[in-house]
Every structure is written in structure tokens, then in C-alpha cells.
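Reading the structure
Letter by letter, the chains look like this.
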Amino acid sequence: AAQRRVLKLLQGAMGKAETWRLRQLVASQLGAVCDALGSVPGLGAEPEPGGGADGARGSPIAAEVKVDMSTQAKDLTWSVVVPLFLQLCGDGVAEVRDEAARSTAKVLRAAAPELFIDPGLGEGSSGSLAGSK
């Protein structure tokens, strides 16, 4: 809830930002914002407290909480971070656009982490070139 409030305040403040330097500063911090959202427990970026040593007992609840946290972070990314990113990429000042463009990979990773999964890790991977002739 606190993350949502802070991001909504940031989004509102950006609508009133008159100086390009403030917009550039926010653009330079988009990657850090995405990293912070990615470090929310449940997204897999940090190990869960206790390391899951409680065995089968309690694991369905932990899995449900993990999915819920992941969904919340993804919702925050799509509802606040992506629109802010697009706004900054379309800014009238080149320095702001350049700074926003530097955070593209982190914004994409936060918004659509499935795009960054290595396809070679799945079953029946056909990633090797040996035997393709």
C-alpha cells in the first residue's frame, strides 16, 4: 500500500513538474524504482525469510502470497511506472528522453518478466545448432 501511495504521488508530481531537470532526475531513477519493485518478496529477486525450511506445511499459503505479491508489483508497474516512462520518453527535452531511454530494459523486465526467461531452460529445448542439418 505504501509503494502504491508513493508511486501515485510521484506520478501526480510529474504532471506538475515545470523544470526539465526534475523530469530528468525522475527519469534517471526509473531503473531504481523498477529494481525496488523487483525486490519485493515474492518476485524471486530475494530469498524468502526462513528459506522455505518449513517443509510441506504452510507452502500453499506461501505460494499464494508469492503470486499475490508478484501480481501487485506487476500491477504497480503497469499502472504507474510504464505510463510515467512513456511520458518521459515523449518529453520535449532531449536530455529527459535520453535518460528515460536508459531505463528501458529495467522497465520492460518489471512490466513483463516473462520476456526475459531463457527459452533454453524448458523441456525439449531446440536451442542447439548441432544436428540442425
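Here is what the cut-offs are and how they apply
Residues numbered from 1 in each chain as written. Predicted model: local features only at pLDDT ≥ 70, side-chain atom pairs only at ≥ 80, totals over all residues. Heavy atoms only, no water. Helix = DSSP H or I, 4+ residues; strand = E, 2+ residues; numbered from the N terminus. Buried < 20%, exposed > 50% of the residue type's maximum accessible area, 1.4 Å probe, protein only. Contact = heavy atoms within 4.5 Å. Core = buried A, V, L, I, M, F, W, Y, C linked by side-chain atoms within 4.5 Å. pLDDT = per-residue confidence, 0-100. Axes fitted to C-alpha atoms, helices over the stretch in contact; angles between N-to-C directions. Parallel < 35°, antiparallel > 145°, perpendicular 65-115°, else oblique. Left-handed = near helix turned anticlockwise from the far one by under 90°. Nonpolar A, V, L, I, M, F, W, Y, C, P; charged D, E, K, R; others polar. Salt bridge = Lys/Arg side-chain N within 4 Å of Asp/Glu carboxyl O.

The next subject is the overall build of the protein. Check the secondary structure of the protein and you find five helices and zero strands. The order of α-helices and β-strands along the protein, N terminus first, is α-α-α-α-α. In the protein, which comprises 133 residues, the proportion classed as buried is 23%. Within the protein, residue pairs in contact and separated by at least 24 positions form 74% of the contacts whose partners lie at least 6 positions apart.

Take the nonpolar core next. Ranked by internal contacts, the top residues of the largest apolar core, which has 21 residues, are Leu7, Met14, Leu30, Val81, Leu84, Leu88 and Val107. The set of elements that each furnish at least two residues to this core consists of helix H1 (2-16), helix H2 (20-38), helix H3 (59-89), helix H4 (94-101) and helix H5 (104-111). Ranked by the residues each element gives to this core, the list is headed by H3, at seven residues. Apart from residues no more than four positions distant in its own chain, leucine 7 is found in contact with Val33, Leu37, Leu76, Val80 and Val81.

Chain-level statistics for the protein give a pLDDT mean of 76 and a share of 68% at 70 or above. Within the protein, the lowest mean pLDDT, 76, falls on H3, and the highest, 96, falls on H4. Below pLDDT 50 for its whole length, residues 42-57 participates in 13 contacts with residues either more than four positions away or in separate chains.

Running from N to C, H2 and H5 cross one another at 25°; their axes reach a closest spacing of 8 Å. Put simply, H2 runs roughly parallel to H5. Considering how the two elements wind past one another, H2 and H5 form a crossing that is left-handed. Contact residues: H2 offers Gly31, Cys34 and Asp35, while H5 offers Lys106, Val107 and Ala110. Classifying every residue of the contact of H2 with H5 by side-chain character gives three nonpolar, one polar and two charged.

Helix-helix packing is described using two parameters, namely the angle between the two axes and the distance between the axes. For the pair H2 and H4, the least separation of the axes is 8 Å and the interaxial angle reads 10°. The pairing of H2 with H4 is recorded here as roughly parallel in orientation. Residue-level inspection shows Trp20, Arg23, Gln24, Ala27 and Ser28 of H2 in contact with H4, the latter providing Glu95, Val96, Glu99 and Ala100.

Scanning the entire structure with this criterion turns up four salt bridges. We note a salt bridge from aspartate 35 to lysine 106, for which the minimum N-O separation is 3.0 Å. Highlighted residues: aspartate 35 in helix H2 and lysine 106 in helix H5, separated in sequence by 71 residues. Overall, aspartate 35 belongs to the partly exposed group, its relative accessible area being 41%. The class of lysine 106 is partly exposed, set by a relative accessible area of 40%. Residue glutamate 114 is joined to lysine 74 by a salt bridge in which the shortest nitrogen-to-oxygen separation is 3.1 Å. Linking glutamate 114 in the segment after H5 with lysine 74 in helix H3, this pair joins segments that are 40 residues apart in sequence. The exposure class assigned to glutamate 114 is partly exposed, which follows from its relative accessible area of 44%.

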